[in-house]
Amino acid sequence: MTTDFDRVAVIAGGLSNEREVSMRSGRRALYALSEAGIDAVLYDADETLLDRLANDRIDAAYIAVHGASGEDGSLQTALELAGVPYVGSPAASCHLAWDKVVAKVLMSRAGLATPPWVAISARSFRELSPAQLVRSVTDRLGLPVVVKPATSGSTLGMSLVEEAADLPAALVRCFTFGDVALIERYVAGQTIETVVVEDETPTALPPAAFQNPDVSPFSFEARYSADLITVALPAPLPDEALAAAARAAELTHRVLGLRDLSRTDAIVDDEGTPWFLEAAISPGLTETSVLPLAAAEVGRPLGHLLLDLLRKAHQRAGVTTG
């Protein structure tokens, strides 16, 4: 495969709690691009990044940074200011997707089902009556509920709470990963992840499901261990439910203003309805990540897919690639 690129950057790492997962994604992207014949270099998202990108005259960048600095729009803003074309959503859209509360509000307005929820800040939990807050939450949402940081990923700080007495501890654990806890009513069903790739229009790849009945779906270690988790592609759902999940992911991509690629997480209930949970603007590329597996399922090797996206980013900057 030929291209006019001299060099592209794969940006990974950073200082978030998801650094190690990000480095795994970055190394996978680097290998895939190298296999596609591209001179790709791995850069850590640290204080030297912008100087190194400028000195190395990078043509375009692929962002594999997970967590706050890579998904909240901060890195995207820095790259835009530095004039470095990059794959992925613009900074303003990253802000919308990164905050799960904001994303849920927008997708609910767009017509998607999303579990009933409340958001509680760490400050209010400290300063107000925790016992009364717990009673109010359970009165409104019932049990069980899922507790997770409003701005985080990779299941970090996430808990399933089945007894009201366990809710305060789940909130304290959640607040170690963020200042706001999102508490959602638990919806029974099949949890799925659907990647959307934007070529001419946003198109969903086959929805995927993680399977192992003996492992908690909220386990960070299990989520990234190929020895513990298997990925079903497509998810074991009726065709109508798979189609509904794909439409929901494509709608999410459009409503949040996302670009190039995204991933939508949802639960499909027994009626085949997808319940929106959250959106990710930097889907992982680890051994258990959906993006490379779903791309392969439709005959798009990861390196070639990333190269197509890098070309688009390059062209957005007013440069034509071969």
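Note that the coordinates shown come from a computational prediction; the quantities given were computed from them, not determined experimentally. (Residues numbered from 1 in each chain as written. Predicted model: local features only at pLDDT ≥ 70, side-chain atom pairs only at ≥ 80, totals over all residues. Heavy atoms only, no water.)

Caption draft 1: The overall build of the protein chain, seen in detail. The helix and strand tally for the protein chain stands at 13 helices and 14 strands. In summary, the protein chain has a C-alpha radius of gyration of 20 Å against a globular reference of 20 Å for 322 residues, a match within 12%. Sorting the 322 residues of the protein chain into buried and exposed places 53% on the buried side. Here the analysis covers contacts within the protein chain between residues at least 6 apart in sequence; of these, 68% occur between residues at least 24 apart. Accessible surface for the protein chain amounts to roughly 14000 Å². Of this, 51% is attributable to carbon and sulfur atoms. Side-chain charges in the protein chain split into 26 positive and 42 negative, and the spacing between the mean points of these groups amounts to 4 Å. (Helix = DSSP H or I, 4+ residues; strand = E, 2+ residues; numbered from the N terminus. Rg over C-alpha atoms; globule rule 2.2 N^0.38 Å. Buried < 20%, exposed > 50% of the residue type's maximum accessible area, 1.4 Å probe, protein only. Contact = heavy atoms within 4.5 Å. Areas by Shrake-Rupley, 256 points an atom, 1.4 Å probe, with all protein chains shown as cover. Lys, Arg positive; Asp, Glu negative; His and termini not counted. Charge placed at Lys NZ, Arg CZ, Asp CG, Glu CD.)

Caption draft 2: Structural context of the packing of aromatic side chains. What the rule picks out here adds up to 1 aromatic pair. For the pair Phe125 and Phe175, a centre-to-centre distance of 5.8 Å together with 50 degrees between the ring planes defines the contact as tilted. Linking Phe125 in helix 7 (residues 122-127) with Phe175 in helix 9 (residues 167-175), this pair joins segments that are 50 residues apart in sequence. For the pair Phe125 and Phe175, a shared accessibility class is recorded, and that class is buried. (Phe/Tyr/Trp six-rings, centres within 6.5 Å; stacked < 30°, edge-to-face > 60°.)

Caption draft 3: The sheet that holds strand 3 (residues 60-63), seen in detail. Read across the open sheet, the 4 strands follow the order 2-1-3-4; overall the sheet is parallel. Among the strands making up the open sheet, the edge pair consists of strand 2 (40-44) and strand 4 (86-87). As judged from the 4 bridges shared by strand 1 (residues 8-12) and strand 3, these two strands associate in the parallel manner. For Ile11, the partnering residue across the bridge sits in strand 3 and is Ile63. (Pairing = 2+ DSSP bridges.)

Caption draft 4: Just the nonpolar core, in detail. Counting residues in hydrophobic clusters, the biggest one holds 32 residues, and the most contacted among them are Val8, Leu33, Tyr62, Val87, Leu205, Leu291 and Leu310. Mapped onto this core, the elements with two or more residues apiece are strand 1, helix 1 (19-35), strand 3, strand 9 (190-198), helix 12 (290-297) and helix 13 (302-316). It is helix 13 that provides the largest number of residues to this core, a total of 7 residues. One finds Ala122, Ala170, Phe175 and Ala181 within the second-largest nonpolar core, a separate group that totals 17 residues. (Core = buried A, V, L, I, M, F, W, Y, C linked by side-chain atoms within 4.5 Å.)

Caption draft 5: Summary view of the pairing of strand 2. Here strand 1 runs beside strand 2; their pairing, made up of 5 bridges, is parallel. In the sheet register, Ile11 faces strand 2, and the bridge partner there is Tyr43. Remark: the strand 1/helix 1/strand 2 crossover connection has right-handed handedness. (Right-handed = clockwise from strand over helix to strand, strands pointing away.)

Caption draft 6: Main features of helix 12. Among the residues of helix 12, those classed as buried are Val290, Leu291, Pro292, Ala294 and Ala295. Just beyond helix 12, the residue with positive phi is Gly299, at close to 80 degrees.

Caption draft 7: Molecular detail of the sheet that holds strand 10 (residues 202-204). Pairing is antiparallel across the open sheet formed by 4 strands, whose spatial order is 10-9-13-14. Strands at the two margins of the open sheet, each flanked by one partner only, are strand 10 and strand 14 (274-280). Mean inter-strand twist for the sheet, computed between neighbouring axes without regard to direction, equals 30 degrees. Pairing analysis gives 3 bridges linking strand 9 to strand 10, with the strands arranged antiparallel. (Axes fitted to C-alpha atoms, helices over the stretch in contact; angles between N-to-C directions.)

Caption draft 8: Layout of unusual backbone geometry. Residue Leu143 is joined to Pro144 through a cis peptide bond whose omega torsion reads 0 degrees. Here the bond from Leu233 into Pro234 is cis, since omega is -5 degrees, no more than 30 degrees from zero. Checked against the element boundaries, Pro234 lands in the loop between strand 12 (230-232) and helix 11 (239-255). Not every positive phi belongs to a glycine, and Asp260 is a case in point at roughly 75 degrees. Relative to the assigned elements, Asp260 resides in the loop between helix 11 and strand 13 (261-268). Exposure remark for Asp260: the relative accessible area of 0% places this residue in the buried category.

Caption draft 9: Here's a closer look at the packing of helix 1 against helix 13. For the pair helix 1 and helix 13, the least separation of the axes is 8 Å and the interaxial angle reads 90 degrees. Judged by the inter-axis angle, helix 1 sits roughly perpendicular to helix 13. Contacts between helix 1 and helix 13 involve Arg28, Ala29, Ala32 and Leu33 on the former and, on the latter, Leu302, Gly303, Leu306, Leu307 and Leu310. Each residue belonging to the contact of helix 1 with helix 13 can be placed in one class, and the counts come to 7 nonpolar, 1 polar and 1 charged. (Parallel < 35°, antiparallel > 145°, perpendicular 65-115°, else oblique. Nonpolar A, V, L, I, M, F, W, Y, C, P; charged D, E, K, R; others polar.)

These results come straight from atomic positions and should not be treated as a statement about function.
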